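Examining the three-dimensional arrangement
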Protein chains: 2
Amino acid sequence: MSYNLLLVEDDVDLASTVIDYLALEKIYCDHASNGMLAIELLQQHQFDVVILDINMPHMDGISVCKKMRELGLTTPVIMLTARDTLEDKLAGFNAGTDDYLVKPFAMLELVARIQVLAKRISGQTSKLSLYGVELNFTAKSAYRNNRKLSLTPTGLSILEILMRKANNVISRQQLIQNIWGDFSPESNSLKVHLFKLRQQLNQNGAPELIHTVPGQGFIFKSKND
Amino acid sequence: MSYNLLLVEDDVDLASTVIDYLALEKIYCDHASNGMLAIELLQQHQFDVVILDINMPHMDGISVCKKMRELGLTTPVIMLTARDTLEDKLAGFNAGTDDYLVKPFAMLELVARIQVLAKRISGQTSKLSLYGVELNFTAKSAYRNNRKLSLTPTGLSILEILMRKANNVISRQQLIQNIWGDFSPESNSLKVHLFKLRQQLNQNGAPELIHTVPGQGFIFKSKND
DNA sequence: GTCAAAATTAACCTTGCGTTAACCCAAGTT
DNA sequence: AACTTGGGTTAACGCAAGGTTAATTTTGAC
C-alpha cells in the first residue's frame, strides 16, 4: 500500500532526510517549506496525511493546522516538534491535530503513526476483514473463519457493499443502485442473492452477520442488539 | 458532547483515579479489570474509545488489542504503558492500536487524545443522545439505557421528531404532517404508534419521557423540569 | 454449439407493520 | 347521573416486505 503525504517543514535538510526515509517505506511525500504553500497544496491535491513542523518562520504549524480546519480540510495531521510541554501539546490538539510527536523521534514510530492515520481515512485496502469474515479483492474470494465461501460475483459485491458500511443500514435501493446501476432486475433477484449469500456465510451454525432491519434495509454487524 | 469509554486496567486504584477525573470532563467510563471481560463488554456495547493498559496479568493489552481486531472490533484504542522503548511501541501499533501513551502522562493529554479519536468516530456514525435515550441513525436503531428498543420505522421517526425538538411541545398536527406528509390516516393511528413507542421506552419502569400536554400535543423531556 | 455457472423469474410461505375499530378511563359539561 | 371530549389500550385484519425453493433463462468459456 502506498500513501501520499505532505511534509511541511522549513528545514530543508531535515525534510529531505525524512522524505528519503519514507520513500524506502513506499510512502511518497510532497514537501512544502512554509505554511502558505502548504495550505495551497492542500486545497489543490488530496493527501492521506500531513506532517507538520510546529516551529516555522512566518506561519507556525499551529496556525497552519487551525487554518486548515477553518477551511474545512480534514486531512489528518501529525505535528512534529521539539517542544514537549503539556501546554504545547494541548495547543496542538486544540488547533485540531490528530497526533503529536516530540523530536527526536524514531522514524519507525513516525511511520507507524502515519499508517494508523492513513488507514483510517483511505478504506483502500486490498483485504477487508471484519467479524471473522475476510474479503480479498484481488483474489475475488471470501472466507469466514478461514473456510472459503463459494460466492458468485454479485454475491461478493453485495458482501463488499455491506462490509464497507458495516454497522450502517443499507437500504434495498442503495444495494440495487450499487450492484446494477440505474436499471435493475424487476423481480426478487436481490432477495435470492441475499439468501444465497447468507447461506454461505452461516454454514455450520455461524451466527448471522447480515441482519434485516425491517422496512429499512440490511446491516452487517456482529450482534443484533 | 459526552463520550462513552471503556478502561481496561487491572490496577483498581489507578482505574478509579482515571475514571473520576474523566467524569469531570463529562467522559463516562466503564471499567474492565481484565482482557477477557473487556472483549466481552466490547461485543455487547458500543464504546467510542478503549483505553488499554498493556501490563496486565493473564491477557496483556497487546493480546487484547490483537484479539479485538481479529474479531472485527474497530473501536479506537489508546494504549497506556510504562514501557517506552521503540520496540514496545511498534508492537502496540502492530497489534492495531490507534495511539500509545507512556506513563506517567498528563490527564489533559489523555483527554485530548481521547477527544481526537472519539471525534473521528462520531463523524462516521450520526447519533442523537438525550436523557439516556440514544438514537443511532446509521444503524436506524434506538436504545434506552443501553437496552435496544424494537421500533418500527414509524415509531423511530416519531421518536426522532420528538427528540429533535426536545423540551418543545409538538402538536398532533405537526407530528402527522412530519410522518405522513400531506395525507394521513383517518383514525387513531398516531395514538397507537405513540402507545407502542412509549411501551418500548418505558420498559422495566423507566420514567416517562414522552409527556402529553392535553389539548396541545406531546413533549419529550425528563420528568424533573 | 455445448455446457456449466450465474442470474433471473415465478410461486409460495412467513413475518410483522400499519391501520382500524372498539373499548376503557378520567375530567368537564349539561 | 348521562353525555361529551381527549386520550390510552387492546385485538384483529389486510397487505406489503421479507425469506425460501425450484425452474428457467442468460452468460461466457471452451
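For clarity, every value in this text was computed on a predicted model and none was experimentally measured.

1. Regarding the nonpolar core
Residues and elements named next belong to chain A. With 27 residues, the main nonpolar core has I158, L159, M163, L175, I210 and F220 as its most contacted residues. Secondary-structure elements contributing two or more residues to this core are β6 (127–130), β7 (133–136), α6 (153–164), α7 (172–180), α8 (189–201) and β12 (217–220). With six residues, α6 is the largest single contributor of residues to this core. When sequence neighbours within four positions are dropped, the list of residues in contact with L175 reads I158, I161, I170, L190 and F218.

2. Re the interface of chain A and chain B
Listed by partner, the interface residues are 31 residues for chain A and 32 residues for chain B. Carbon and sulfur atoms make up 55% of the area that chain A and chain B hide from each other, which totals about 2,700 Å². Counting every contact that joins chain A to chain B gives four salt bridges. Between B:R113 and A:D99 there is a salt bridge, with the nearest N and O atoms lying 2.8 Å from each other. On inspection of chain A and its partner chain B, the count reaches seven residue pairs in polar contact (both at pLDDT 80 or more). Those elements that provide at least two residues to the side of chain A that touches chain B are α4 (86–95), β5 (99–102) and α5 (107–121) of chain A. Ranked by the residues each element gives to the side of chain A that touches chain B, the list is headed by α5(A), at seven residues.

3. Comments concerning the protein's contact with DNA strand C
Taken together, 23 residues lie near DNA strand C, and A:T152, A:T154, A:N188, B:T152 and B:T154 sit nearest. Restricting attention to atoms of DNA strand C within 4 Å of the protein, one finds that 55% of them are sugar or phosphate atoms. Measuring from a phosphate oxygen of DNA strand C, one finds a side-chain N or O atom of A:T152 at 2.7 Å. The contact in question runs from a base nitrogen of DNA strand C to an N or O atom on the side chain of A:N188, over 2.7 Å.

4. Focus: the pairing of β7(A)
Residues and elements named next belong to chain A. The pairing of β6 with β7 spans four bridges and is antiparallel. In the sheet register, K127 faces β7, and the bridge partner there is N136. Remark: two residues form the turn of the hairpin made by β6 and β7, two consecutive strands paired antiparallel; Y131 in that turn has positive phi of roughly 50°. Bridge count for β7 against strand β8 (residues 141–144) is four bridges, and the pairing is antiparallel. When the bridges of β8 are listed, E134 appears paired with Y143. Between β7 and β8, which pair antiparallel and follow one another directly, the connecting turn spans four residues, one of which, K140, has a positive phi of 50°.

5. Focus on the sheet that holds strand β10 (residues 169–170) of chain B
Residue and element names in this part refer to chain B. Strand order in the open sheet formed by three strands is β10-β12-β11, and the pairing between neighbours is antiparallel. The open sheet is flanked by β10 and β11 (210–213), the only strands paired with a single partner. When β11 meets strand β12 (residues 217–220), the two strands line up antiparallel, connected through four bridges. Its bridge partner being in β12, V213 is matched across the sheet by G217. Its contacts with the sheet place helix α6 (residues 153–164) against β10, β11 and β12, and it is angled at close to 75° to β12. The strands touched by helix α8 (residues 189–201) within the sheet are β11 and β12, with β11 carrying the most contacts at an inclination of about 140°.

6. Observations regarding the domain arrangement of chain A
For chain A, the assigned domains read domain 1 (3–118) and domain 2 (127–220). Placing a centre on the C-alpha atoms of domain 1 of chain A and another on those of domain 2 of chain A gives a separation of 38 Å.

7. As for unusual backbone geometry
All names here are of chain A. Here the residue pair K103 and P104 is connected by a cis peptide bond, since its omega of -5° sits within 30 degrees of zero. One non-glycine residue, Y131, lies in the positive phi region at around 50°. Assignment of secondary structure puts Y131 in the loop between β6 and β7. Residue class for Y131 comes out buried when judged on its relative accessible area of 14%. One non-glycine residue with positive phi stands out, namely N204, at about 35°. Counting through the fold element by element, N204 comes out in the loop between α8 and β11 (210–213).

8. Observations concerning the protein's contact with DNA strand D
Around DNA strand D sit 18 residues, and of these A:R172, A:K191, A:R198, A:T212 and B:R198 come closest. One nitrogen or oxygen atom from the side chain of B:R198 is found 2.5 Å from a phosphate oxygen belonging to DNA strand D. At the level of secondary structure, the elements contributing two or more residues to the surface near DNA strand D comprise α8 of chain A together with α8 of chain B. Partitioned by chemical class, the residues of the surface near DNA strand D number six nonpolar, six polar and six charged.

9. Side note on the pairing of strand β1 (residues 3–8) of chain A
Residue and element names in this part refer to chain A. When you tally the buried positions in β1, you get five out of six residues, the bulk of the element. The parallel pair β1 and strand β2 (residues 27–32) is bridged by helix α1 (residues 12–24), and the resulting crossover is right-handed. The sheet contact formed by β1 and strand β3 (residues 49–53) spans four bridges and is parallel. Following the sheet pairing, V8 is matched in β3 by L52.

The rules behind the values
- For every chain, the first residue of the written sequence is number 1, and numbering continues from 1 onward in sequence order.
- All chains are assigned letters beginning with A, and all ligands numbers beginning with 1, in the order in which they are written.
- Per-residue local features of the predicted model are confined to residues with pLDDT of at least 70, and side-chain atom pairs are confined, for both listing and counting, to 80 or more; whole-chain, interface and lining totals are unaffected and use all residues.
- Hydrogen atoms and water are omitted, and side-chain values are computed over all heavy atoms in the structure.
- Nonpolar cores were defined as sets of buried Ala, Val, Leu, Ile, Met, Phe, Trp, Tyr and Cys residues, with membership established by side-chain atoms within 4.5 Å.
- Accessibility here uses a 1.4 Å probe with only protein chains present; expressed as a share of the type maximum, an area under 20% marks a residue as buried, one over 50% as exposed, and anything in between as partly exposed.
- Each helix is a run of DSSP H or I of at least 4 residues and each strand a run of E of at least 2, with the numbering of both proceeding from the N terminus.
- The contact definition used throughout considers only heavy atoms, calling two residues in contact when any of these lie within 4.5 Å.
- Note on definitions: buried area is the accessible-area loss of two parts on being combined, 1.4 Å probe, summed for both.
- We define a salt bridge as a side-chain nitrogen of Lys or Arg found within 4 Å of a carboxyl oxygen belonging to Asp or Glu.
- Contacts described as polar in this section are N or O atom pairs within 3.5 Å, which, within protein, must combine one atom able to donate a hydrogen with one able to accept it, while residues neighboring in sequence count only if both atoms come from side chains.
- For this purpose, a residue is taken to be near a molecule or strand whenever a single non-hydrogen atom of the residue falls within 4 Å of it.
- When DSSP finds two or more bridges between two strands, those strands count as paired.
- Axis definition: a line fit to C-alpha positions, over the contact stretch in the case of helices; interaxial angles, taken between N-to-C directions, run 0 to 180 degrees.
- In this entry, domain limits derive from an automatic or database-based domain assignment.
- Gly is put with the polar residues, along with every residue not named as nonpolar or charged; the nonpolar set is Ala, Val, Leu, Ile, Met, Phe, Trp, Tyr, Cys and Pro, and the charged set is Asp, Glu, Lys and Arg.
- Convention used here: a crossover is right-handed provided that the path from the first strand, over the helix, to the second strand proceeds clockwise when the strands point away from the viewer.

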